[in-house]
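Overview (structure and organization)
These are the residues of each chain, in order.
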Amino acid sequence: MPLFTGIAIVVALAVFMLLRVPNIEYLFVAGYTIVQYIVLSTAWNILGGYCGYVNFGSAAFFALGAYSTVALATFGTQLDDLVPESAAPFFHLIFPLPIPALIVIGGIVSGIVGFGTGYLTLRLRGAFFAIATLALSVVLATLVVNWDFVGGSGGAYVVRPGEFPGLGSYMQYLFLLMLGLAVFSVVVARWIERSRLGFGFAAIRDDELAAEASGVPTLRLKLIATTLSGALMGMAGAPFPYYIGYLAPASAFGLEYAVNSIAMPLIGGTTSWIGPVIGTILLGTLQQVTTVTISSAVNVLLVGVLLIAFVIIAPNGIVGLVQDRLHARRRK
Amino acid sequence: MTALLNVQNIGKRFGGFVALDDISLEVNAGERLGLIGPNGSGKSTLVNCICGTLQNERGSVHFDGHAMNGLAAHERTHRGLSRSFQLPRPFPSLTLADNLCIPMLYTVHKRSGPLHADDIGARCAELLRLVGLENKAKHLPRDLTQVEMRKLELARAMAAEPKLLIADEAMAGLSHSEIEDILALLVRLNESGITVIMIEHIMTAVMSFSQRLAVLVSGKKIADGKPEDVVRNPDVVRAYLGE
């Protein structure tokens, strides 16, 4: 196993063990949200930071993952009505699907939609691409609202089991899964950054015409980015119904997913895998603290103020600030 | 000699404006061709159509025996067509060395298999030395002067190890000695077997470099031949100096 993956796993396990010490369930509830945003912001950064394509539709990919889970869970509870009697025993054997399987399925669904969206919209640049992704979010939300099987506008309940054998509360299990997903996405992002793919992404971000002239197949690489980014977001969304217990379109397609998954990488820095992680831990923790101490509405204000501050003071985020310092020192 | 590049009757319009009107051009393997013409005569559009940055509406481009029509720019680069841009377009967030890595990772890699990291490093260093930027390998393009930017642009085009290199005004704004440097560099490249098309306004450079000269005026090719004959051609003189 590569050293970095090993370190990431050790850090994740240490975080998990540390949170278990005080025996406060809320730590896992709050921690889950933060870790979930590490996945989302890292996923956003693969397309937004590495390739320079701003995706406003993070909520759509996240919700696709969440609603894949809802659809499969609903299917699981209505098996006897939906499948022929002869096949029922087989389906009873595999349903309800374990959450890791749901994560994979959510990732596949969102990855496919990411690929499709990319194919349709990647000829657009800048603000136009951002608008197209925002539109995707609206279209999908409308579809879900009108799809009764997954609860329509009324939302759907997903019953979370009380305990996970060997771990204690089910929330801890969900947290651990999300932690694993965060490790996975960070390892993927870091691998991309150092690979041939990452160089191609950087070339696309910097100058697409020059990238083409240097032999970079820009459309293919952008499709890889939208697919990967979408898939990771869908994976982050898949366990969400079990976390929240009741999923309504308004919460799955919430604006905060789109805004946070942009704000966190921007604040942390978009050119490196560590940027989204730093941004998420800072902003995510701050949000959780203000939610408890002041009010949840202050969150949004906080994101806005911080985003403006960073755009003015440190347009390349915290990582960019540090890199500039180092660069200036080297030139002296 | 077989033609390496064969452009036949290509046409390109931008709305009602005819940028290229029925242009044919042949470039033989190993040749040094100069392409000149007044501003707005269609030189860069021709380059863009040859390299796939723009797609020509009429006519055809053949390179190295293959039809290029419909191929994206990167596919043409993979087949050995490389160009520098008139206004340098470096990758601003990458160091100079990494700028040169891009064509190696994507074009040379595609053509002759994966390169070892040490190999890439050595080639980058060699190219930067060729254009005199070896001390700035770790710098970002924003630290460069315009002149150095042009050298980087040329180095990046060379990093793709092309069969045909199109240098689009690589010398504009350069001092006399710098022009000499770049000219010597291009001649050396040519001697190593690379065909070069040079687009340039600096006549002394074009005249000393080119074995053949083609002249574009208002999207039409009005002359093509030995440089000393072409510059005496009355049509060319009229295009540059007026009646």
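Presented here is an overview of the structure given in this document.

What counts, and at which threshold
- Residues numbered from 1 in each chain as written.
- Chains lettered and ligands numbered in written order.
- Predicted model: local features only at pLDDT ≥ 70, side-chain atom pairs only at ≥ 80, totals over all residues.
- Helix = DSSP H or I, 4+ residues; strand = E, 2+ residues; numbered from the N terminus.
- Rg over C-alpha atoms; globule rule 2.2 N^0.38 Å.
- Buried ≥ 20, exposed ≤ 12 C-beta atoms within 10 Å, placed from the backbone.
- Axes fitted to C-alpha atoms, helices over the stretch in contact; angles between N-to-C directions.
- Left-handed = near helix turned anticlockwise from the far one by under 90°.
- Contact = placed C-beta atoms within 7 Å.
- Nonpolar A, V, L, I, M, F, W, Y, C, P; charged D, E, K, R; others polar.
- Pairing = 2+ DSSP bridges.
- Core = buried A, V, L, I, M, F, W, Y, C linked by C-beta atoms within 7 Å.

Along chain A, the regular secondary structure elements total 17 helices and 4 strands. In terms of overall size, chain A behaves like a compact globule, its C-alpha atoms giving a radius of gyration of 20 Å where 332 residues would be expected to give roughly 20 Å. Across its three principal directions, the C-alpha atoms of chain A cover 75 × 50 × 45 Å. Here chain A holds 332 residues, and 46% of them are scored as buried.

For the rest of this paragraph, the subject is the packing of helix α2 (residues 25–48) of chain A against helix α15 (residues 274–293) of chain A. Residues and elements named next belong to chain A. Two elements in contact, α2 and α15, have axes separated by 9 Å at closest approach and are oriented at 145 degrees. For the pair α2 and α15, the sense of crossing is right-handed. In this structure, α2 contributes Ala30, Thr33, Ile34, Tyr37, Ile38, Ser41, Thr42 and Asn45 to the contact, and α15 contributes Gly275, Pro276, Val277, Gly279, Thr280, Ile281, Gly284, Thr285 and Gln288. In the contact of α2 with α15, the residues fall into 7 nonpolar, 10 polar and no charged.

Taken together, the contact pairs 19 residues of chain A with 24 residues of chain B. Every element with two or more residues in the side of chain A that touches chain B is listed here: α9 (196–206) and α10 (208–213) of chain A. Tallying contributions element by element places α9 of chain A first for the side of chain A that touches chain B, with 7 residues. Looking at side-chain class alone, the side of chain A that touches chain B contains 9 nonpolar, 5 polar and 5 charged residues.

Residue and element names in this part refer to chain B. Across 5 bridges, strand β1 (residues 3–14) lies against strand β4 (residues 58–63) in antiparallel orientation. Paired with Asn6 across the strands is His62, a residue of β4. In textbook terms, the turn of a hairpin is the stretch between consecutive antiparallel strands, and for β4 and strand β5 (residues 66–67) this stretch comprises 2 residues, one of which, Asp64, has a positive phi near 55 degrees.

Attention shifts here to the nonpolar core. Residue and element names in this part refer to chain A. Counting 159 residues, the largest nonpolar core has Val39, Ala63 and Met178 as the members making the most contacts within it. Examining the composition of this core, we find that 13 residues originate from one element, helix α8 (residues 170–194), more than from any other. In this structure, Ala63 is in contact with Leu140, Val144, Gly237, Ala252 and Phe253, ignoring residues within four places of it in sequence.

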